[in-house]
Amino acid sequence: MSIKAYKNVFDSLYTSLCVFASSYVGNIDVAKDLVQDVFIKVWEDKIDFKSELAVKSYLYTAVKNRALDFLKSKRFKATDHMSVVELDHLNKESFYLKEVVIEEAATVIEEAIKTLPNRCAQIMRLSIKELTNIEIAKQLEISVNTVKAQKKIAYKRLRPLLKEHFVLIAFVFSSSN
Amino acid sequence: MINFNKIIILSKQIAASLLKDEKAESLESSDLFSQEEKDNILKRLTDKSEIASRFQLKNKIDKKEDWQSLKSKLHLPKKTYYWQYATAASIALIMALTFVYHKIDTQKVDPVLVDTKIEIGTDKAILTLSDGSTVLLDSTNVYQNKSVNGNGNKITYGSAESNNQELEFNYLTVPRGGQYHVELSDGTEVWLNSESQLKYPVNFIEGNPREVELVYGEAYLEVSKSTKHNGDTFTLKTKEQNLTVLGTIFNVNAVKNETEIITTLVEGSILLSNDLNTSILVPSQQARLSQDKSDFEISTVEVEEFISWRNGVFSFTNKSLKDIMKVLSRWYDVDILIVNEEMENVGFTGVLNKQQSIENILEIIKSTNNMNYKIENKHITIE
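Residues numbered from 1 in each chain as written. Chains lettered and ligands numbered in written order. Predicted model: local features only at pLDDT ≥ 70, side-chain atom pairs only at ≥ 80, totals over all residues. Heavy atoms only, no water.

Chain B carries the name FecR family protein in an unreviewed UniProt entry, which gives Winogradskyella marina as its organism.

This is the structure:
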């Protein structure tokens, strides 16, 4: 992977991976260290990715494994401890998949909303939190009709972005080999 | 991996449902999670305090700083000036666009939309066989015979055993609003951009140079190495120049009605020639041959910008609005007229996903500028 492609992957996924890792280790600073370790390994081992799916699959798995290793390590046990039940829970495949889904869905939502004009984005942020149109109108001191109209604009603009194959973050993969 | 693919698609579906204020049915019907887990997913995405704590967590992550510390731990090749480019390329967030343009007043006017029928470009091409008959290749039409296999996005020529010493030619024509990928019988791969035509033999004759012609348009080639073909060189002809290689990766842009041919080398080396001159390119170099000049103008460029079209994005670095509109008009198959001449040379930098509507792109440009646009059928006027 070229350094450019590598930086692109880092920029696109670093934050998500840190948040994801912290759901295992419960500490954002430890999470950051784990994720950086994984990134160093990707570079040192010259791992090359061919698609968005491949890169995500690899990185989420690698971060998960490193996080679980950390929880079983002496370093962790010396300062903290986790019950066997809790560790079992984190070890489950469905816990891993659930955390990936949350991270991925949250990122899509955030990136999509970022593309909207300010007022529209404000309304959509509240809408996501399951506020009704009336509640949104009250909170922003605007009319319910304005809320409805703005939502309509948002849906129209987001429609192409929400198709399944749409990639919000463009990955640049190296073209060689 | 199967699960992982499902997971990524499911994530997008959930995000779409929540944004549309709909029930997340794809999650409800998913067999990957228990009900408790499903509830937890929705809660984490929609609950006010959950969203707030996620936001706080993200605020504790300083991506720039962490990148610097990560970078210092990597063993990097010596040429560190790459870094500047890396930052430039990382504006991959599609919507992160900036006009290098200074104008203070931004009066907002609404665009006029009349009966828009503009579609996003897709994979498609027309195959012309040696007997002159034509076949449409797209997501619903396939073509197959003994050694040829054409489907929705790619046509592959097998190396059929033949003692034929006569070359038999096929043409592949990609219309406006299309793109297509062909693998020739020698293993060379060619990606064709919108409004391009390639002429090539169904089979190459061993011991002879491999010759292919880009009749017009833009192509990205990964040439199968000569060493695999007893040293037979590969030549790509265009109207004004010949390009000979032994095995390499490059992009040639010889778009209709343009005054120059642009050749960009990604890997390997190539020999360019026209009637009067020859020139050799090394990776990251670009040669421009103008219609009115006979020599090649060589410069070093950021290659990614010129080859990103085949990865589903338009990449522009300080490109004029006029040139951008030319690119867009080929992909969306529309005519674009810029009324105000001053606007034509406005510079623009950004990366745009090709899978979005043209209205979307125009809206983005509009939001950074005091331009307005009008869409009538397939004609767009920018004023």
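Once the structure has been displayed, the description carries forward.
Enquirer: Is there a simple way to explain the overall build of chain A in this structure?
Expert: Secondary structure summary: chain A contains nine helices and zero strands in total. Residue burial in chain A is summarised as follows: out of 177 residues, 58% are buried. By sequence separation, contacts in chain A at least 24 residues apart represent 64% of the contacts at least 6 residues apart. Accessible surface computed for chain A: about 8100 Å², of which carbon and sulfur atoms make up 53%. (Helix = DSSP H or I, 4+ residues; strand = E, 2+ residues; numbered from the N terminus. Buried < 20%, exposed > 50% of the residue type's maximum accessible area, 1.4 Å probe, protein only. Contact = heavy atoms within 4.5 Å. Areas by Shrake-Rupley, 256 points an atom, 1.4 Å probe, with all protein chains shown as cover.)

Enquirer: What's the story with the pattern of salt bridges in this structure? I'm lost.
Expert: When the charged atoms of two side chains with opposite charge come close together, those side chains can pair. Counted under the stated rule, the structure contains 23 salt bridges over all chains. For lysine 56 of chain A, the salt bridge goes to glutamate 104 of chain A, with nearest N and O atoms at 2.7 Å. Taken as a pair, lysine 56 of chain A in helix 3 (residues 52-72) and glutamate 104 of chain A in helix 6 (residues 93-114) lie far apart in primary sequence, 48 residues in all. Residue aspartate 323 of chain B pairs with lysine 326 of chain B through a salt bridge whose shortest N-O separation is 4.0 Å. With aspartate 323 of chain B and lysine 326 of chain B both in helix 8 (residues 321-332), this residue pair falls three residues apart, about one helical turn. Residue classification places lysine 326 of chain B among the partly exposed positions, given a relative accessible area of 28%. Salt bridges sharing partners connect three or more residues here, namely Glu103 and Glu110 of chain A together with Arg54 and Lys58 of chain B. (Salt bridge = Lys/Arg side-chain N within 4 Å of Asp/Glu carboxyl O.)

Enquirer: Help me out: how do you make sense of the interface of chain B and chain A in this one?
Expert: Accessible area lost upon the coming together of the parts serves often as the stated size of an interface. Tallying the contact residues gives 71 residues for chain B and 72 residues for chain A. The junction of chain B with chain A conceals about 6400 Å² of combined surface from both sides, 67% of it contributed by carbon and sulfur atoms. At the boundary of chain B and chain A, one finds five salt bridges. Put simply, glutamate 110 of chain A and arginine 54 of chain B hold a salt bridge, and the shortest N to O gap is 2.9 Å. Its residues assigned to classes, the side of chain B that touches chain A comprises 37 nonpolar, 15 polar and 19 charged. (Buried area = accessible area lost by both parts, 1.4 Å probe. Nonpolar A, V, L, I, M, F, W, Y, C, P; charged D, E, K, R; others polar.)

Enquirer: I would appreciate a short explanation of the side chain of threonine 107 of chain A in the present structure.
Expert: Structurally, threonine 107 of chain A is set in helix 6. Within polar-contact distance, the side chain of threonine 107 of chain A engages the backbone oxygen of glutamate 103 of chain A at 2.7 Å. With near-sequence residues (within four places) excluded, threonine 107 of chain A lies in contact with Ser16 of chain A together with Arg54 of chain B. (Polar contact = N/O pair within 3.5 Å; in protein donor to acceptor, adjacent residues only side chain to side chain.)

Enquirer: Just checking my understanding: could you explain the nonpolar core for this structure?
Expert: Generally speaking, nonpolar side chains in soluble globular proteins are found buried as a group. Grouped together as the largest cluster of nonpolar side chains are 74 residues, with contacts concentrated most on Tyr6, Tyr24, Val25, Phe39 and Leu59 of chain A together with Ile14 and Phe33 of chain B. Sort the elements by how many residues they give to this core and helix 1 (residues 3-25) of chain A lands first, with 13 residues. Excluding residues within four positions of it along the chain, phenylalanine 39 of chain A makes contact with Tyr6, Val9, Phe10, Tyr14, Leu17 and Leu59 of chain A together with Leu70 of chain B. Ranked by size, the runner-up nonpolar core spans 40 residues in total, among them Tyr143, Leu184, Phe250 and Ala287 of chain B. (Core = buried A, V, L, I, M, F, W, Y, C linked by side-chain atoms within 4.5 Å.)

Enquirer: Help me understand the packing of helix 1 of chain A against helix 2 (residues 28-44) of chain A in this model?
Expert: Packed helices, taken two at a time, are described by the angle between their axes plus the distance between the axes. Residues and elements named next belong to chain A. Where helix 1 meets helix 2, the closest approach of the two axes is 8 Å, and the angle between their N-to-C directions is 145°. Along this stretch, helix 1 crosses helix 2, giving a crossing that reads as right-handed. Two secondary-structure elements touch here, helix 1 through Ile3, Tyr6, Val9, Phe10, Tyr14, Leu17, Cys18, Ala21, Ser22 and Val25 and helix 2 through Ile28, Val30, Ala31, Lys32, Leu34, Val35, Gln36, Phe39, Ile40, Val42 and Trp43. A class-by-class count of the residues in the contact of helix 1 with helix 2 yields 18 nonpolar, two polar and one charged. (Axes fitted to C-alpha atoms, helices over the stretch in contact; angles between N-to-C directions. Left-handed = near helix turned anticlockwise from the far one by under 90°.)

Enquirer: Sorry if this is basic, but what is going on with the packing of helix 1 of chain A against helix 3 of chain A here?
Expert: All names here are of chain A. Interaxial distance between helix 1 and helix 3 falls to 10 Å at its minimum, and their mutual angle equals 35°. Between helix 1 and helix 3 lies a crossing of right-handed hand. Every residue of helix 3 that contacts helix 1 at Val9, Leu13, Ser16, Leu17, Phe20, Ala21, Tyr24 and Val25 is listed here: Val55, Lys56, Leu59, Tyr60, Val63, Lys64, Ala67, Leu68, Phe70 and Leu71. Tallied by class, the residues present in the contact of helix 1 with helix 3 amount to 15 nonpolar, one polar and two charged.

Enquirer: What is the right way to look at unusual backbone geometry in this model?
Expert: Excluding glycine, residues mostly carry a negative phi; peptide bonds, for their part, are mostly trans. With phi around 55°, glutamate 141 of chain A is a residue other than glycine that occupies positive phi space. Note on placement: glutamate 141 of chain A falls in the loop between helix 8 (133-140) and helix 9 (144-158).

Enquirer: What's the story with helix 6 of chain A in this structure? I'm lost.
Expert: Each α-helix turn comprises 3.6 residues. Residues three or four places apart therefore point the same way. Taking 1.5 Å as the rise per residue, helix 6 of chain A with 22 residues should run 32 Å; its terminal C-alpha atoms sit 32 Å apart, in good agreement. A large share of helix 6 of chain A lies buried, amounting to 19 of its 22 residues. (Expected span 1.5 Å × (residues − 1).)

Enquirer: Can you walk me through the side chain of serine 226 of chain B in this structure?
Expert: All names here are of chain B. One can find serine 226 in the loop between strand 13 (210-222) and strand 14 (234-237). A distance of 3.5 Å separates polar atoms of two side chains, one belonging to serine 226 and the other to arginine 210. Only 3.1 Å separates the side chain of serine 226 from the backbone oxygen of aspartate 232, close enough to count as a polar contact. Apart from residues lying up to four places away in sequence, serine 226 is in contact with Arg210, Gly231, Asp232, Thr233, Val245, Leu246 and Gly247.

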